[in-house]
Amino acid sequence: MLRLDSVGRHFGDTRVLDGISLTVPDGQLLSVVGPSGCGKSTLLRTIAGLLPVQEGTVTIDGTAVNGVPEQLAVVFQEYGRSLLPWLTVRDNVALPLRRRGLTRAARRAEAEAILERVGLHGAARRRPRELSGGMQQRVAIARALVCRPALLLMDEPFGSLDAGTREDLEDLLLEVHRTNDTTIVFVTHDIDESVYVGDRVVVLSPGPGSRVVHDLPVDLPRERDQLSTRSLPEFVKLRTEVGRAVRGAPLEGPV
Amino acid sequence: MTRTQDSAPPASAPGPPRAGAVPFLLRWSVLLVAVACWELAARAQGSVYFPPPLRIARHARDLWFSGPPGRLFLTPAAVGTILPSLGRMAAGFALAAVTGITLGIAVGRSRRAYALCNPVLQFARAVPPPALVPVFVVVFDFGTPMQVASIVFSAVWPVLINSAEGARATDPLRLQVAAVLRLTAPERLWFLILPSALPRIFAGLRLSLSLCLILMVFSELLPGSDNGIGFTLTDAQTRSDLLTVWSALLLLGALGYLLNTGLLAVEKRLVGPGSSARRTA
């Protein structure tokens, strides 16, 4: 269980996060949505231990986060920079396995198995740069999953992909979540996306001094489909509610 | 957090013009024409101080490259002249490279070390390398240690400064990735920092290599040297053996060209396509 207790942060005089409290139960896919520049990435990097916790506490299963926690993986938006261009796709994915003391052959076999799962069986020996953006982000997801993390953080992972690729990867993410039961914190600025992939959506207010302004469960069926789910009346209602919260409009009133 | 554009250029992006852009024959024909002009001008002049290039080449061959095939056609004179020079240069270059890369990465990875060392480095680099040779003569006396020390002390700066710059410019996002993947310090160095810095390291090595050649010759010109290409040069000059002087110059040019070509080949292998090297190379 991931728990944030009045987490605050400032850079110099600028207040970025202001008293963020959240509890994410195991296995939940939490979407965090908010306008650009509201501190979503800062929140994510704080949970990941990449930024020190300035105010409040972040705990994972009761242990306070201090440095990068065990069993945590992060997928960044900038797949091109996050992958190492001088390694093959397979070696990129196998890199985090080194600390498990496996032989090189075992590491590669495991990397290839996970690449197959994200739909990249043919690409193991290629370089990241030879792949399309969507495929590169699949590699980054494979690298995040290869150590079977208990907590997966995703920072606008599909933000720079075209619409079709983005939908494919959203479905891949849902499939991964269904089969692995990983807790996922998914940061996005896309309202539809936050509802489509999330079990729950948390809306942050625009910065500076961003806080949680809305927190709603997504009670859509677990099996989701890009066309039929998005046309459900419940989906439309949820996205409208999230949209209003993001824009800071009053939550009640005519739709 | 701002969203940064993906730094990877699309695979179809036009690369820098390759060497093949100018046909092989055309490139060499310019050299041929230049040599032909030299030959004609020298023959027309008939001066003993400016012998025609064909005579120089013939003299160089007789002097150094007319040995038995079993010894790679090297004459004893060549073994006694070229090998000591190359040996000192190789030792100097290797020491400069290892020291420069190690210290450079260390300095580049620490913001404080970089801030403290940068003025000293810039100063050390600004001193014309041959000016340091007299200092080493005093410290080491004449001979190989002095010569190697002169080479190392001149050639180390470009590698050091470029390695530091390269290590410093490691993509901060990739450092975050390394932290999240929980790479150990040696893994981070090997898989992230060194490959990131490699294009800059090679830029430094290329500069160092040419400095090595300069300092190799210069340190052999001093009194007290008794072998090497630089020694041959001064020795022939005192004997007014202009053909040998010109041959030594030709040999130095050829050596410089070959060594640089070799280094470029190594660079091409290590900093291959697919790495960020292409943009800085």
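Starting afresh in each chain, residues are numbered from 1 along the sequence in its written order. Here every chain gets a letter starting at A, and every ligand a number starting at 1, in the order they are written. In keeping with the model being predicted, local features are shown solely for residues with a pLDDT of at least 70 and side-chain atom pairs are shown and tallied solely at 80 or more, while totals for entire chains, interfaces and linings include all residues.

(A) Summary view of the overall build of chain B. The way it works is that DSSP assigns letters per residue, a run of H or I at least four long becomes a helix, a run of E at least two long becomes a strand, and they are numbered from the N terminus. When its secondary structure is counted, chain B shows 11 helices and 0 strands. In sequence order, chain B lays out its α and β elements as α-α-α-α-α-α-α-α-α-α-α. Residues are called buried when their C-beta atom has 20 or more other C-beta atoms within 10 Å, exposed when it has 12 or fewer, and partly exposed otherwise; all C-beta atoms are positioned from the backbone. Counting over 281 residues, chain B shows a buried share of 33%. We call two residues in contact whenever the C-beta atoms placed from their backbones are within 7 Å. Across chain B, contacts joining residues at least 24 apart in sequence account for 71% of those joining residues at least 6 apart.

(B) Local environment of the environment of Glu110 of chain A. Tracing the backbone through its elements, the reader meets Glu110 of chain A in helix α4 (residues 104–117). If near-sequence neighbours (up to four positions away) are discounted, Glu110 of chain A is found in contact with Leu97 and Val146 of chain A.

(C) Spotlight on the pairing of strand β2 (residues 14–24) of chain A. All names here are of chain A. DSSP calls a pair of strands paired once it identifies at least 2 bridges connecting them. Judged from the 7 bridges that link them, strand β1 (residues 2–11) and β2 form a sheet pairing that is antiparallel. From the neighbouring strand, Val7 faces β2, where its bridge partner is Ile20. From the end of β1 to the start of β2, which pair antiparallel, there are 2 residues, and Gly12 there has a positive phi angle of about 60°.

(D) Structural detail: the sheet that holds strand β4 (residues 55–60) of chain A. Residue and element names in this part refer to chain A. In space, the 4 strands of this open sheet follow the order β2-β1-β4-β5, with antiparallel pairing throughout. This sheet does not close on itself; its edge strands, each paired only once, are β2 and β5 (63–64). As judged from the 2 bridges shared by β4 and β5, these two strands associate in the antiparallel manner. For Ile60, the partnering residue across the bridge sits in β5 and is Thr63.

(E) The arrangement of the environment of Ala90 of chain B in detail. Residues and elements named next belong to chain B. Relative to the elements of secondary structure, Ala90 occurs in helix α3 (residues 76–109). For Ala90, a count of 15 C-beta atoms within 10 Å puts it in the partly exposed group. Taking the C-alpha atoms as reference points, Ala90 and Met216, separated by 126 residues in sequence, lie 9.8 Å from one another.

(F) Fine view of the domain arrangement of chain A. All names here are of chain A. The domain boundaries assigned to chain A delineate domain 1 (1–71 + 153–255) and domain 2 (80–148). Domains are outlined according to an automatic or database domain assignment. One C-alpha centre belongs to domain 1, the other to domain 2, and the line joining them spans 26 Å. For this classification, the nonpolar set comprises Ala, Val, Leu, Ile, Met, Phe, Trp, Tyr, Cys and Pro, the charged set comprises Asp, Glu, Lys and Arg, and every other residue, Gly included, is treated as polar. By residue class, the composition of the side of domain 1 that touches domain 2 is 6 nonpolar, 2 polar and 1 charged.

(G) Up close: the nonpolar core. Think of a nonpolar core as buried Ala, Val, Leu, Ile, Met, Phe, Trp, Tyr and Cys residues chained together by C-beta atoms that fall within 7 Å. Ala142, Leu153 and Val185 of chain A together with Cys212 of chain B are the most contacted members of the largest nonpolar core, which has 131 residues in total. At 16 residues, helix α8 (residues 185–221) of chain B tops the list of elements feeding residues into this core. Mapped onto the domain boundaries, this core takes at least three residues apiece from domain 1 (1–71 + 153–255) and domain 2 (80–148) of chain A. With near-sequence residues (within four places) excluded, Ala142 of chain A lies in contact with Val93, Ile114, Leu115, Val118 and Leu120 of chain A.

(H) Summary view of the interface of chain B and chain A. If you look at the interface, chain B gives 23 residues, while chain A gives 28 residues. Residue assignment for the side of chain B that touches chain A shows that the elements contributing at least two residues are α7 (172–180) and α8 of chain B. At 6 residues, the largest contribution of residues to the side of chain B that touches chain A is made by α7 of chain B. The class makeup of the residues in the side of chain B that touches chain A is 11 nonpolar, 6 polar and 6 charged.

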